[in-house]
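Topology and contacts: notes
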Amino acid sequence: MTDPHPTDDMPDVGPWEPESEKTEVDRRWLRLFGVAAGALVLGSVASTTAMLIAGWRYAPEREFTVAVYLEPDAGTDQRDAVRGALARLPARDGVRLETREEAYAKFREKVSNDPEQLAGVMPEMLPESLYLIAPGRSFDCGPIPGIRDLSGVDRVRVVMKPQAGRWGAEIGC
């Protein structure tokens, strides 16, 4: 005769127990993943907030035009000395010479609507100049006084070019 009641010496093994252990392991991994993702998001928000409170802002790259106007009687050796000094600055396309004729053509184009300003101006009256475009987030004025002190230099002008939604400005170096 068989006893319909189970005894204590037989373990309760059923098809449901391996599944329950697997489910518990899956839950632990899911919790671990949730905690890691939450910590990542919380850390990103906290670090961004701290940087913004501390005053950090994104500074876009700008273009700075450096123009060195030469004296009317500047010689070739003086021009080459200024060109060499400008070549030490970071430049996008190198140093460019603008002759008196090119300066006069620009001037004529700029004041074409006002013949009174154009009257009496000759190409010989305008200075030769050396230009370069320096890209960067800011401009280092350190080399400018040395360039300004070279012989044959009349004046130096540094201009930050306007950009979409941002003003341009002349930099006082």
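For the structure itself, look to the data block above.
Residues numbered from 1 in each chain as written. Predicted model: local features only at pLDDT ≥ 70, side-chain atom pairs only at ≥ 80, totals over all residues. Heavy atoms only, no water.

**Description of the environment of Glu 98**
As a reminder of what qualifies: Think of it this way: any DSSP run of H or I at least four residues long counts as a helix, any run of E at least two long counts as a strand, and we number them from the N terminus. Here a residue-residue contact requires only that any non-hydrogen atoms of the pair lie within 4.5 Å. Throughout this description, a polar contact denotes any pair of N or O atoms lying within 3.5 Å of each other; where both atoms belong to protein, one of them has to be capable of donating a hydrogen while the other can accept it, and for residues adjacent in sequence the pair is counted only when both atoms sit in side chains.
Considering the arrangement of structural elements, one finds Glu 98 in strand S2 (residues 96-98). In sequence terms Glu 98 and Glu 128 are 30 residues apart; their C-alpha atoms lie 5.8 Å from each other. Apart from residues no more than four positions distant in its own chain, Glu 98 is found in contact with Ala 103, Lys 106, Glu 128, Ser 129 and Tyr 131. Engagement of the side chain of Glu 98 in a polar contact is seen with the side chain of Lys 106, the distance being 2.8 Å.

**Some words on the sheet that holds strand S1 (residues 62-70)**
Selection rule: Two strands qualify as a pair provided that DSSP identifies no fewer than 2 bridges between them. Only the stretch in contact is used when fitting a helix axis, every axis being a line fitted to C-alpha atoms; angles between N-to-C directions are given from 0 to 180 degrees.
Taking strand neighbours across the sheet as the criterion, the five strands line up as S2-S3-S1-S4-S5 in an open arrangement whose pairing is antiparallel. Edge positions in the sheet fall to S2 and strand S5 (169-171), since each has one partner strand and no second. Strand-to-strand twist across the sheet, computed as the mean angle between neighbouring axes with direction ignored, equals 30 degrees. In terms of strand pairing, S1 meets strand S3 (residues 129-136) through eight bridges, oriented antiparallel. Bridge pairing links Tyr 69 to Ser 129 in S3.

**Some words on the environment of Glu 63**
With respect to the helices and strands, the residue Glu 63 is situated in strand S1. Taking the C-alpha atoms as reference points, Glu 63 and Ala 91, separated by 28 residues in sequence, lie 9.7 Å from one another. If sequence neighbours within four positions are ignored, Glu 63 has contacts with Arg 92, Ile 133, Ala 134, Val 159, Met 160 and Lys 161.

**Section: the pattern of salt bridges**
Two side chains that carry opposite charge are able to pair once their charged atoms sit near each other. To keep things clear, this is the line we draw: For this analysis, a salt bridge means a side-chain nitrogen from Lys or Arg found within 4 Å of a carboxyl oxygen belonging to Asp or Glu. Type-normalised accessible area, obtained with a 1.4 Å probe on protein chains alone, sets the label of each residue: buried when under 20%, exposed when over 50%, and partly exposed for intermediate values.
Counted by the stated rule, this structure contains six salt bridges. For the salt bridge of Glu 63 with Lys 161, the shortest nitrogen-to-oxygen distance reads 3.6 Å. Within this pair, whereas Glu 63 is found in strand S1, its partner Lys 161 is found in the loop between strand S4 (153-160) and S5, the two being separated by 98 residues in sequence. Judged by its relative accessible area of 27%, Glu 63 is partly exposed. By relative accessible area, Lys 161 is classed as partly exposed at 29%.

**Quick notes on a nonpolar patch on the surface**
Here is the rule: For patch building, the residue pool is restricted to those with more than 30% relative accessible area and no salt bridge; the joining distance is 9 Å between like charges and 5 Å between nonpolar side chains (Val, Leu, Ile, Met, Phe, Trp, Tyr). Using a 1.4 Å probe, accessible areas were evaluated by the Shrake-Rupley method; residue-level cover was limited to the displayed protein chains.
Together, Met 51, Leu 52, Trp 56 and Tyr 58 line one region of the surface with nonpolar side chains, adding up to about 460 Å² of accessible area. Mapped onto the elements, Leu 52 comes out in helix H1 (residues 16-53).

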